[in-house]
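# Coordinate analysis (summary)
As a plain string of letters, each chain reads:
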Amino acid sequence: MMLHCSASHRPSDSLARGHWLGLDGDHDDGDGSDGTTLPFLSLVSTRNPFSKTPHPFPSQPPDAMASRVVTTVLAGALPAPPHAPVAAAGGSKFVEWTNRPSRHRGIRCGVARASRSRPHYPSSAAWTAKDGVPELLKSAVAALAIIAQISVALPANAILYSPDTNVPRTGELALRRAIPANPSMKTIQESLEDISYLLRIPQRKPYGSMEGDVKKAMKIALDNKEAMLGSMPAELKEKGSELYTSLLEGKGGLQSLLNYIKDKDNDRLSVALASSLDTIAELELLQAPGLSFLLPKQYLDYPRLTGRGVVEFTVEKGDGSTFVPTAGGEPKRVATLQVVVDGYSAPLTAGNFAKLVLEGAYDGVTLKSANQAVIADSESGKKGYTIPLEVMPAGQFEPLYRSPLSIQDGELPVLPMSVYGSVAMAHSEDSEEYSSPTQFFFYLYDKRNSGLGGISFDEGQFSVFGYATTDGRDVLSQIKTGDKIRSAKLVQGRERLVLPAAASAPAPEDPAPAPADPALAPAES
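To keep things clear, this report deals only with the structure shown in the data block. Quick caveat, the model's predicted, so the values are computed rather than measured. (Residues numbered from 1 in each chain as written. Predicted model: local features only at pLDDT ≥ 70, side-chain atom pairs only at ≥ 80, totals over all residues. Heavy atoms only, no water.)

## With respect to the pattern of salt bridges
- All told, the structure shown has 13 salt bridges when counted by the stated rule.
- Arg 176 serves as the salt-bridge partner of Glu 193, at 3.4 Å between the closest nitrogen and oxygen. With Glu 193 in helix H4 (residues 183–198) and Arg 176 in helix H3 (residues 171–178), this residue pair connects regions lying 17 residues apart in the sequence. With respect to burial, Glu 193 and Arg 176 carry one shared label: buried.
- A salt bridge links Arg 177 to Glu 193, with the nearest nitrogen and oxygen atoms 3.3 Å apart. Placement of Arg 177 in helix H3 and of Glu 193 in helix H4 is noted, with a sequence separation of 16 residues between them.
- Linked by salt bridges that have partners in common, Arg 176, Arg 177 and Glu 193 make up one network. (Salt bridge = Lys/Arg side-chain N within 4 Å of Asp/Glu carboxyl O. Helix = DSSP H or I, 4+ residues; strand = E, 2+ residues; numbered from the N terminus. Buried < 20%, exposed > 50% of the residue type's maximum accessible area, 1.4 Å probe, protein only.)

## Side note on the packing of H4 against helix H9 (residues 266–287)
- Between H4 and H9, the shortest axis-to-axis distance is 10 Å and the interhelical angle comes to 160 degrees. When the interaxial angle is binned, H4 and H9 end up roughly antiparallel. The hand of the H4/H9 crossing is left-handed. Residues Met 185, Lys 186, Ile 188, Gln 189, Leu 192, Glu 193, Ile 195 and Ser 196 of H4 lie in contact with H9, whose contacting residues are Leu 273, Ser 276, Leu 277, Ile 280, Leu 283, Glu 284 and Gln 287.
- The class makeup of the residues in the contact of H4 with H9 is 8 nonpolar, 4 polar and 3 charged. (Axes fitted to C-alpha atoms, helices over the stretch in contact; angles between N-to-C directions. Parallel < 35°, antiparallel > 145°, perpendicular 65-115°, else oblique. Left-handed = near helix turned anticlockwise from the far one by under 90°. Contact = heavy atoms within 4.5 Å. Nonpolar A, V, L, I, M, F, W, Y, C, P; charged D, E, K, R; others polar.)

## Re the side chain of Glu 193
- Given a relative accessible area of 12%, Glu 193 falls into the buried group.
- If near-sequence neighbours (up to four positions away) are discounted, Glu 193 is found in contact with Leu 173, Arg 176, Arg 177 and Leu 277.

## Concerning H3
- With 6 of 8 residues buried, H3 lies mostly within the body of the structure.
- Those residues of H3 not exposed but buried are Gly 171, Leu 173, Ala 174, Leu 175, Arg 176 and Ala 178.

## Details of the environment of Phe 323
- The topology assignment puts Phe 323 in the loop between strand S7 (308–316) and strand S8 (334–342).
- Sequence-wise, Phe 323 and Gln 478 are 155 residues apart; in three dimensions their C-alpha atoms are separated by 6.7 Å.
- Dropping the residues within four chain positions of it, Phe 323 is found in contact with Val 315, Glu 316, Lys 317, Pro 331, Lys 332, Arg 333, Val 334, Ala 335, Val 475, Gln 478, Ile 479 and Asp 483.

## What to know about the side chain of Lys 317
- By secondary structure assignment, the location of Lys 317 is in the loop between S7 and S8.
- One polar contact links the side chain of Lys 317 to the main-chain carbonyl oxygen of Gln 478, over a distance of 2.5 Å.
- Those residues in contact with Lys 317, other than ones at most four positions away along the chain, are Thr 322, Phe 323, Arg 333, Gln 478, Ile 479, Lys 480 and Asp 483. (Polar contact = N/O pair within 3.5 Å; in protein donor to acceptor, adjacent residues only side chain to side chain.)

## Focus: the packing of helix H5 (residues 207–223) against helix H8 (residues 254–263)
- Direction vectors running N to C along H5 and H8 enclose 165 degrees, while the axes themselves pass 10 Å from each other. With respect to H8, the axis of H5 lies roughly antiparallel. Between H5 and H8 lies a crossing of left-handed hand. Listed contacts from H8 to Tyr 207, Met 210, Glu 211, Val 214, Lys 215, Ala 217 and Met 218 of H5 are Leu 254, Gln 255, Leu 257, Leu 258 and Ile 261.

## A few points about helix H10 (residues 347–358)
- Over its 12 residues, H10 extends 16 Å from the first C-alpha to the last, a length consistent with the 16 Å expected when each residue adds 1.5 Å.
- Burial within H10 is extensive, with 11 of its 12 residues counted as buried.
- Residues of H10 that are buried include every one of Pro 347, Leu 348, Thr 349, Ala 350, Gly 351, Asn 352, Phe 353, Ala 354, Lys 355, Leu 356 and Val 357, and no others.
- Positive backbone phi, at 75 degrees, marks Gly 360, one or two positions downstream of H10. (Expected span 1.5 Å × (residues − 1).)

Listed below in structure tokens is the structure:
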């Protein structure tokens, strides 16, 4: 038996090569025609083009994956019938798919396949009666072994998390969940988001469950009106009261949802549901005027964004071609793209980015289109300061600094990168515990290049701080290397940007990595 793994890391090579290894003359097709198949295992390399270092991500060698496959094969997962002839000379020759398309650089492991000629096995009563039952039992045990190897023993860098992972799939949903609002509002939000999920069921819709969700939301809203409005600043309570009334009785409010559910009008229900969720998000933003946690003292001199902001990019084609609106309209050489930046979950990263936008650091910057990313880098102010990696774990009240998440252990970020149009800072040249102060990228998420559960293989490793909105998100796929950012403006959230006196100059150097002796390490609280 032989095992072979082929890896391609050339920037211009997007082809992954796969190999099959036949165990004997009978079990080599891998197509199920002989009753037995060997799963084709895939492990995507974490190498990425939008980091600033030649090898920006931890290397993920295929050794662990290979050992699992070898163990499965050696365990007799594909038993051969008795009296099977020995494979002819050259029967273990590799068959290589050199033109198999792949949308990512990666490592694909398989088993080398034997000769495609199928030997003849004489049928006999002795074989059927004497050996049939034991061989069937052995095959059943082998199948269980394969399942156990795949579901339990595969390394964490291949299977990141369960397929049931509850990760927001749109920027709007991720941003709504990130607002640190009143618990009653969050419960109402969860009830309505459950309806959004139930509407996607293709067959018979569970209207009874939907009605129960709406009635639950209405009861919470009626019973907790004072608490919901009382958590808002005095100057915002009037607007909050208007939104509260709209949520209950307005067009697209909770009462409208009940009517559409009763009529089983899915189209109007979907529109009204989106309107209710938008109203909830507005109410939650009024309830969260600032950060819900204290920054570590070593970061108090950094610029920070204590809420939400909106940055508007004007992008122009560098080769004279045009952007084509997907919703129709005239092609244009210049397009507008809006990004919501979230200081609730990444105040330092969003604050540094907003400060650079105000200073015009990205005006005139040339964009680079890479595999699943659009990269922008300002050359101004690159020296003299660093930004710590900043990730807010789901279910926590404050971000982690200089510590990536362990997705395989169930840690998920509040702002996931596994969303098309997510915006994050690249890694620092010196350490993955720090972000580049100037280089950011738009992540063009593609589920086909993700792990189980649709999670990016780099989830939790970057400081995600915002998302491109529906206003111009379709532009991202049309951006090519050489296109330029004509201008970047902070159109909302200037009042939420805090610039300490020390931040008029570049932010201070981040504390050095902890010394070897833990007793000498500075506290980070």
